[in-house]
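The primary structure of each chain is shown beneath.
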Amino acid sequence: MLAEEDIPRRWYNIQADMPNKPMPPLNPATREVLRAEDLFPIFAEELCRQEMNQTDAWIDMPEEVREMYKYYRSTPLVRAYGLEKALGTPAHIYFKNESVSPMGSHKLNSAIPQAYYCRREGVTNVTTETGAGQWGASLAYAAKLFGLEAAVYQVKLSYEQKPYRRSMMQTFGAQVTPSPSMSTRAGKDILTANPNHQGSLGTAISEAVELARTTPNCKYTLGSVLSHVTLHQTVIGLEAEKQMEMAGEYPDIVVACFGGGSNFGGIAFPFMRHNILEGKTTRFIAAEPASCPKLTRGEFRYDFGDEAGYTPLLPMFTLGHNFMPPNVHAGGLRYHGAGVIVSQLLKDGLMEAVDVEQIESFDAGVLFARSEGIIPAPESCHAIAATIREALKCKESGEEKVILFNLSGHGLIDMASYDKYLAGDLINYSLSDEQIQRNISALDKTMH
Ligand SMILES: *Cc1c(COP(=O)(O)O)cnc(C)c1O
């Protein structure tokens, strides 16, 4: 643990140090380069500036935000002796435990500053989408902290599969609507075309963005993918950097699961900075589900962030914005694209990606639970699986590598998923190349 005065006072903006900056977002109608002002109608202005900031490596945390962080930060850095022993590996495995946040995941790290900046700019209502409900719960709570009303569109499948996250959001006073819904134009269009649509993050984003656009004093917020979200999450890696120093070690490998990239960037970027600026050789591994493999099997190109095509065009690794991920239990990883920073870093070879099948992820999660006493979120199980693969390579080679992974959340509200696993009812979803190509090749060729 860190002392309170050692909680970071600034976030790290890797955009300033990247050898190749991300390509700019484009206005979908005109194909012109988007400016920060173009995003003002949708997001709080300060968040738009952070999004587009490619020059300042350090961004000050407002004191009000840091005060709220102190409620649950720093989070512990833990040496996973139990897991090391269970694997019989000479590797030193550490994890950063973001599951201790009152919402049970890292999402609150960005919900707090997003709600704060909205409040500071006179906004009264915030809206968003949520998959598994981790982001929705965090935003609902952060909105309450700063006196805002929150309206959350929850992916219908998760709304039904994860009823307790919906209850959490409602407990914090948010209004929750299953998506697609008939309350928006985007939702109506999708339901008319396919009445049995189970929802996806892309669809829910369309609905929330539409609500923000059509409601006065209402802003949209996002829990992943965008660069300002990852910026806020660097509090994880900045703390971990100091904590690893206290442990007298430096990671050879940093691992995190990957949905849109915020917890990955959050733990990785402060260490990647030393690779870029000082020639360190740490490896960074993003672990995504085999059922939604945008980093390992997607294409780098301009695409929309949402299903209806409301968002700017973003340069990213994508499976196509119409891609419908199979119903895996790691709801937070079911998104078709990757954030623009991570996409550029992957393209430039500064990081790696691996995919993990659903059953391997739960095998890893259960082994972790039995050796460390923490039941990980189905999303986090992917990071644990990738960590175990590396630790077993060390067992083979006899190397004492230092592996650091991010435990992005706990799985105590995902026990229905564990029930299915324990009953042997989970399946893997291997996508054929044809399935993957179908969506990508349907995209407008001029968007390349
Ligand atoms: C949302 C979520 C993720 C995936 O989102 P990223 O932006 O890729 O970090 C991973 N783990 C948990 C617990 C989540 O709630």
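Residues numbered from 1 in each chain as written. Predicted model: local features only at pLDDT ≥ 70, side-chain atom pairs only at ≥ 80, totals over all residues. Heavy atoms only, no water.

Trainee: Which residues make up the packing of helix H1 (residues 45-52) against helix H10 (residues 227-246), and what values go with them?
Mentor: For any two helices packed against each other, one specifies the crossing angle of their axes together with the interaxial distance. Interhelical geometry of H1 versus H10 gives an angle of 85 degrees and a closest axis separation of 8 Å. In terms of orientation, H1 lies roughly perpendicular with respect to H10. Packed against H1, whose contacting residues are Leu 47, Gln 50 and Glu 51, the element H10 presents Ser 227, His 228, Leu 231 and His 232 at the interface. A breakdown of the residues in the contact of H1 with H10 according to their chemical character gives two nonpolar, four polar and one charged. (Axes fitted to C-alpha atoms, helices over the stretch in contact; angles between N-to-C directions. Helix = DSSP H or I, 4+ residues; strand = E, 2+ residues; numbered from the N terminus. Parallel < 35°, antiparallel > 145°, perpendicular 65-115°, else oblique. Contact = heavy atoms within 4.5 Å. Nonpolar A, V, L, I, M, F, W, Y, C, P; charged D, E, K, R; others polar.)

Trainee: Mind laying out empty space enclosed by the protein, listing which residues take part and the relevant values?
Mentor: Unoccupied space between atoms shows up once a probe the size of one water molecule is rolled over them. Under the definition given, this model contains seven cavities of 30 Å³ or more. Of all the secondary-structure elements, those providing two or more residues to the lining of the largest cavity are strand E5 (125-130), helix H5 (134-145), helix H9 (201-214) and helix H11 (262-278). Taken together, the residues of the lining of the largest cavity sort by class into ten nonpolar, 17 polar and three charged. Considering only enclosed or pocket space, the second largest cavity measures out at about 60 Å³ in volume. When residues of the lining of the second largest cavity are assigned to their parent elements, the largest contribution, three residues, is made by H10. Its residues assigned to classes, the lining of the second largest cavity shows five nonpolar, five polar and no charged. (1 Å grid on protein atoms, 1.4 Å probe; cavity = no way out; pocket = protein on both sides within 12 Å on 5 of 7 lines; lining within 4 Å. Points joined across faces, edges and corners; volume = space filled by probe spheres on them.)

Trainee: Could you give an account of the site of the ligand, naming the residues involved and the relevant values?
Mentor: The environment of the ligand is formed by 18 residues, the closest being Lys 107, Ser 224, Gly 259, Ser 262 and Asn 263. Within the contact set of the ligand, an oxygen atom lies 2.9 Å away from a backbone nitrogen or oxygen of Gly 261. Between the ligand and the protein, one listed contact pairs a nitrogen atom with a side-chain N or O atom of Ser 408 at 2.7 Å. Protein chains shield 97% of the accessible area of the ligand, which is 380 Å² for the free molecule. Class assignment for the residues of the shell around the ligand results in four nonpolar, twelve polar and two charged. (Near = heavy atom within 4 Å. Polar contact = N/O pair within 3.5 Å; in protein donor to acceptor, adjacent residues only side chain to side chain. Areas by Shrake-Rupley, 256 points an atom, 1.4 Å probe, with all protein chains shown as cover.)

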